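# Structural characterization, general
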Amino acid sequence: NAGVTQTPKFRVLKTGQSMTLLCAQDMNHEYMYWYRQDPGMGLRLIHYSVGEGTTAKGEVPDGYNVSRLKKQNFLLGLESAAPSQTSVYFCASSYSGLAGGSADNEQFFGPGTRLTVL
Amino acid sequence: RKEVEQDPGPFNVPEGATVAFNCTYSNSASQSFFWYRQDCRKEPKLLMSVYSSGNEDGRFTAQLNRASQYISLLIRDSKLSDSATYLCVVNRNQGGKLIFGQGTELSVKP
């Protein structure tokens, strides 16, 4: 199993350009998430999905859109990139989203995408 | 105030030392708690869940105090390979959304 994969690994954009980050998981997980990580801020949730065809806003959704057309894929789009979106983006997935310490809600992360917006 | 707060460190300790990380959370509705480990420029990975009764996994011990809204991680007999950033994480049982602390950096020296 590849687990969670992300493409691309690195990208440099100019302000105003658009791009899509792809996340794929082969663990048949229902829940998928997009986070961004900035120095001193920890990981912050952008959007998430509780199943195929569903999406919901997280903590910092502005400037981003997402789609979950297939269970195994979760796409993050930037329609008009801004320098404030320079960050490391992590995708994650979990079997369930319920609270509790069971293995079902462990989140597995992809290797990250390093995005720079000039 | 951040919902999950940690001492950012860095903690610089010699091999064999015992080191403790502390974390506080502000939302009393928080349901479950975790420690994740993140190596430099890598993705976070689950280290251990934290239970009210406390739990131990080898050299690692996690404690939870719900009344004080406080979580701790103790690492005994530190190894060079323990050098990483340790993330305190809370789940409010809202669609699996995790709230991350900013992380505590640990550097174990020979």
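The shown structure was predicted, so the numbers you read here are calculated from the model rather than taken from an experiment. (Residues numbered from 1 in each chain as written. Chains lettered and ligands numbered in written order. Predicted model: local features only at pLDDT ≥ 70, side-chain atom pairs only at ≥ 80, totals over all residues. Heavy atoms only, no water.)

### Re the nonpolar core
How we decide: What makes a nonpolar core is a set of buried Ala, Val, Leu, Ile, Met, Phe, Trp, Tyr and Cys residues whose side-chain atoms join them at distances within 4.5 Å. Using a 1.4 Å probe on the protein chains alone, a residue whose accessible area is under 20% of its type maximum counts as buried, one over 50% counts as exposed, and one in between counts as partly exposed.
One finds Phe21, Trp35, Ile71, Leu73, Ile75, Tyr86 and Leu106 of chain B to be the most contacted residues of the largest nonpolar core, which totals 24 residues. Residues Val60, Leu76, Leu78 and Ala81 of chain A belong to the second largest nonpolar core, which totals 19 residues.

### A closer look at the sheet that holds strand S3 (residues 19-25) of chain A
Residue and element names in this part refer to chain A. Going by this rule: We treat two strands as partners when DSSP finds at least two bridges between them. Secondary structure counts use DSSP, requiring at least four H or I residues in a row for a helix and at least two E residues in a row for a strand, with both numbered from the N terminus. Axes here mean lines fitted to C-alpha atoms, for a helix over just the part in contact, with angles spanning 0 to 180 degrees between N-to-C directions.
Spatial strand order, S1-S3-S8-S7: four strands in an open sheet with antiparallel pairing. Of all the strands in the sheet, just strand S1 (4-7) and strand S7 (64-67) have a single pairing partner and so form its edges. Here the strands of the sheet are splayed against their neighbours by 20 degrees on average, with no regard to which way each runs. Bridging between S1 and S3 involves four bridges; their strand directions are antiparallel. Within S3, the residue paired with Val4 across the bridge is Gln25.

### Some thoughts on the interface of chain A and chain B
Inclusion rule: Here a residue-residue contact requires only that any non-hydrogen atoms of the pair lie within 4.5 Å. Put simply, buried area is how much 1.4 Å-probe accessible surface two parts lose in total, over both of them, once they are put together. For this classification, the nonpolar set comprises Ala, Val, Leu, Ile, Met, Phe, Trp, Tyr, Cys and Pro, the charged set comprises Asp, Glu, Lys and Arg, and every other residue, Gly included, is treated as polar.
The partner chain B presents 24 residues to the 24 residues of chain A that form the contact. Across the interface of chain A and chain B, roughly 1,800 Å² is buried in total on both sides, 54% from carbon and sulfur atoms. Its residues placed into classes, the side of chain A that touches chain B shows 13 nonpolar, nine polar and two charged.

### Topic: the pairing of S3 of chain A
Within a regular beta strand, the side chains point alternately toward one face of the sheet and then the other, so they alternate between its two faces. Residue and element names in this part refer to chain A. A one-sided burial pattern is seen for S3, the buried positions being Met19, Leu21, Cys23 and Gln25 and the unburied ones Thr20, Leu22 and Ala24. Note: S3 against strand S8 (residues 73-78), six bridges, orientation antiparallel. From the neighbouring strand, Met19 faces S8, where its bridge partner is Leu78.

### Section: the packing of aromatic side chains
Cut-off, in case you're wondering: Working definition: a ring pair exists when centres of Phe, Tyr or Trp rings (six-membered ring for Trp) sit within 6.5 Å. Plane angles under 30 degrees give stacked, over 60 give edge-to-face, the rest tilted.
Following the criterion strictly, the structure yields 13 aromatic pairs over all chains and no others. Centre to centre, the rings of Tyr35 of chain A and Phe109 of chain A are 5.5 Å apart; their planes meet at 35 degrees, and the pair counts as tilted. On the criterion of sequence distance, the pair formed by Tyr35 of chain A in strand S4 (residues 31-38) and Phe109 of chain A in strand S10 (residues 108-109) is long-range, its members being 74 residues apart. Both residues of the pair, Tyr35 of chain A and Phe109 of chain A, count as buried. An aromatic cluster of at least three residues, connected via ring pairs, comprises Tyr31, Tyr33, Tyr35, Phe90 and Phe109 of chain A together with Phe34, Tyr36 and Phe100 of chain B.

### Notes on the state of the cysteines
Selection rule: Pairs of cysteine sulfur atoms within 2.5 Å are identified as disulfides in what follows.
Counting across every chain of the model gives two disulfides over all chains. Here Cys23 of chain A engages in a disulfide with Cys91 of chain A; their sulfurs sit 1.9 Å apart. On the sign convention where negative means left-handed, the S-S torsion of about -75 degrees between Cys23 of chain A and Cys91 of chain A marks this disulfide as left-handed. On the criterion of sequence distance, the pair formed by Cys23 of chain A in strand S3 and Cys91 of chain A in strand S9 (residues 87-94) is long-range, its members being 68 residues apart. Here Cys23 of chain B connects covalently by a disulfide to Cys88 of chain B, the sulfurs 2.0 Å from one another.

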